[in-house]
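Fold and contact review
Read off the chains here:
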Amino acid sequence: MKTSLNEIKQIDDHITGQLSDGEKLVIDARMIIDPVLRFNINLQQKLYALIKAYSRRTMRSEVANVQDKLFQDTKFRNEILTIFSKP
Amino acid sequence: MMQEKTIEIVAAKTRAEFFAGMYEEAFPNVARFVASHGGTVDDAKDIFQDALVIYYELSLENKLSIQVSDRAYLIGIAKHVWIRKYKKDKVAASLSSIESTIELPSDYFEPYDQSLLTLLEQTGKRCLDLMRAFYYDKLSLNQISKSFGFSGVRSATVQKFKCIEKMRAIVKENSINYEDLA
């Protein structure tokens with residue numbers, strides 16, 4: 001892998017908690033003295049948060065599709081609507 | 001028991017079947033809960049969608065208690081979502097002792113940069129789907145290789161890091177406030 005990909009992998013291991021205690025100490029120390037590394041770690045963390053948001057959004061769409069299909073079923077839809085029509 | 005459930009629901013087709021089953025089993029109960037607290041059918045639908053997403057996440061992290069049925073757990077999660085989203089009082093929700101122990105993912109309701117995510121989708125949806133498979137669905141490298149058509153595990157790994165490199169560059173170029181990242 002290219003050097004930049006190796007750095008990305010190392011940051012990935014750091015963010016996902018896959019580094020050994022020794023490796024973690026080394027990267028924590030490097031973060032203090034290396035602003036570029038610190039910046040790249042924060043950048044990658046920001047990306048991972050966006051990936052999570054994307055995953056949740058697509059998963060919610062999957063759920064919504066299932067819901068829409070179920071509500072096309074008259075029996076199911078009426079059962080639910082009756083609950084909300086009670087005084 | 002929970003491990004088996006996890007394996008069952010990571011495949012999209014079985015997941016849809018699982019969700020449909022959970023709607024039939026638990027949605028009427030959640031709807032009654034929402035109706036009795038002054039909510040609408042749309043509120044109930046909204047809450048249940050989030051509850052199923054959270055249920056999926058907790059099941060993948062093995063955070064579901066094996067002492068509680070799927071249905072009871074999902075209803076408990078839905079009540080917590082209702083409290084959180086509609087800023088309701090926990091006491092009014094009358095949570096059972098087991099329901100009180102449920103914790104929603106701490107970052108679930110956190111806002112995110114929607115325009116940046118849209119940009120990532122426009123420039124590389126396949127990369128985002130690959131990332132979802134790795135980090136969210138927690139699929140194995142073998143499963144990912146097969147479903148994305150890679151020649152093998154190594155190819156899938158390299159592609160993953162190339163995707164991160166590409167998307168990281170986009171996030172960098174479009175971050176308004178660099179101070180947040182320093």
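What counts as what
- Residues numbered from 1 in each chain as written.
- Chains lettered and ligands numbered in written order.
- Predicted model: local features only at pLDDT ≥ 70, side-chain atom pairs only at ≥ 80, totals over all residues.
- Heavy atoms only, no water.
- Contact = heavy atoms within 4.5 Å.
- Buried area = accessible area lost by both parts, 1.4 Å probe.
- Salt bridge = Lys/Arg side-chain N within 4 Å of Asp/Glu carboxyl O.
- Polar contact = N/O pair within 3.5 Å; in protein donor to acceptor, adjacent residues only side chain to side chain.
- Helix = DSSP H or I, 4+ residues; strand = E, 2+ residues; numbered from the N terminus.
- Buried < 20%, exposed > 50% of the residue type's maximum accessible area, 1.4 Å probe, protein only.
- Phe/Tyr/Trp six-rings, centres within 6.5 Å; stacked < 30°, edge-to-face > 60°.
- Lys NZ or Arg CZ within 6 Å of the ring centre and 35° of its normal.
- Disulfide = S-S within 2.5 Å.
- pLDDT = per-residue confidence, 0-100.

1. Concerning the interface of chain A and chain B
Between chain A and chain B, the residue contacts involve 43 residues of the former and 58 residues of the latter. For the pairing of chain A and chain B, the buried interface totals around 4700 Å² over both sides, and the portion due to carbon and sulfur atoms is 69%. The interface formed by chain A and chain B includes 10 salt bridges. One salt bridge connects A:Arg60 with B:Asp50, and the closest N-O pair in it is separated by 2.8 Å. In this structure, the connection of chain A to chain B is made through 20 residue pairs in polar contact (both at pLDDT 80 or more). For the side of chain A that touches chain B, the leading source of residues is helix α3 (residues 35-71) of chain A, giving 27 residues.

2. Some details on the environment of B:Glu103
Structurally, B:Glu103 is set in the loop between α5 (97-100) and α6 (114-136). According to the relative accessible area criterion, B:Glu103 is exposed, its value standing at 65%.

3. Looking at the packing of aromatic side chains
Evaluation of the coordinates by the stated rule reveals 14 aromatic pairs over all chains. Ring centres 6.3 Å apart and planes at 35° place the aromatic pair A:Phe76 and B:Phe27 in the tilted group. Of this pair, A:Phe76 sits in helix α4 (residues 74-85) while B:Phe27 sits in helix α2 (residues 12-36), placing the two residues on different chains. Grouping residues by exposure puts A:Phe76 and B:Phe27 together as buried. When the ring of B:Phe27 is compared with that of B:Phe48, the centres are 5.1 Å apart and the planes differ by 85°; the resulting orientation is edge-to-face. A residue pair is termed long-range when its members are at least 10 positions apart, and B:Phe27 in helix α2 and B:Phe48 in helix α3 (residues 41-60) qualify at 21 residues. As far as burial versus exposure is concerned, B:Phe27 and B:Phe48 are alike and both buried. For the cation-ring pair, B:Lys160 lies above B:Phe134, with the distance from its terminal atom to the ring centre recorded as 4.6 Å.

4. A word on unusual backbone geometry
Residues and elements named next belong to chain B. Notably, Lys138 is not glycine yet its phi reads approximately 50°, a positive angle. With respect to the helices and strands, Lys138 occurs in the loop between α6 and α7 (141-148). The class of Lys138 is partly exposed, set by a relative accessible area of 45%.

5. Overview of the environment of B:Ala156
Residue position: B:Ala156 is located in helix α8 (residues 153-173). C-alpha separation for the pair B:Ala156 and B:Cys127, spaced 29 residues apart in sequence, amounts to 11 Å.

6. What to know about the state of the cysteines
Residues and elements named next belong to chain B. Scanning the model with the defined rule gives 1 disulfide over all chains in all. Cys127 shares a disulfide with Cys163; S-S distance 2.0 Å. Residues Cys127 and Cys163 share a disulfide whose torsion about the S-S bond is about -80°; that sign makes it left-handed. A residue pair is termed long-range when its members are at least 10 positions apart, and Cys127 in helix α6 and Cys163 in helix α8 qualify at 36 residues.

7. Quick look at the confidence of the model for chain A
Should the pLDDT be low somewhere, the predicted coordinates at that spot are not to be read in detail. Taken over all residues, the pLDDT of chain A has a mean of 92, while the share at 70 or more is 94%. In the model of chain A, helix α1 (residues 3-15) of chain A stands out as the element of lowest mean pLDDT, 90, in contrast to α3(A), which has the highest, 95.

8. Describing the confidence of the model for chain B
All names here are of chain B. Scored by pLDDT, chain B has a mean of 87; 86% of the residues are at 70 or more. Mean pLDDT in chain B bottoms out at helix α1 (residues 2-9), which sits at 47, and peaks at α3, which reaches 95. Per-residue pLDDT stays below 50 along residues 1-7; that stretch engages in 12 contacts with residues further than four places along the chain or on separate chains. Interface confidence for the predicted complex, expressed as ipTM, amounts to 0.88; the pTM equals 0.89.

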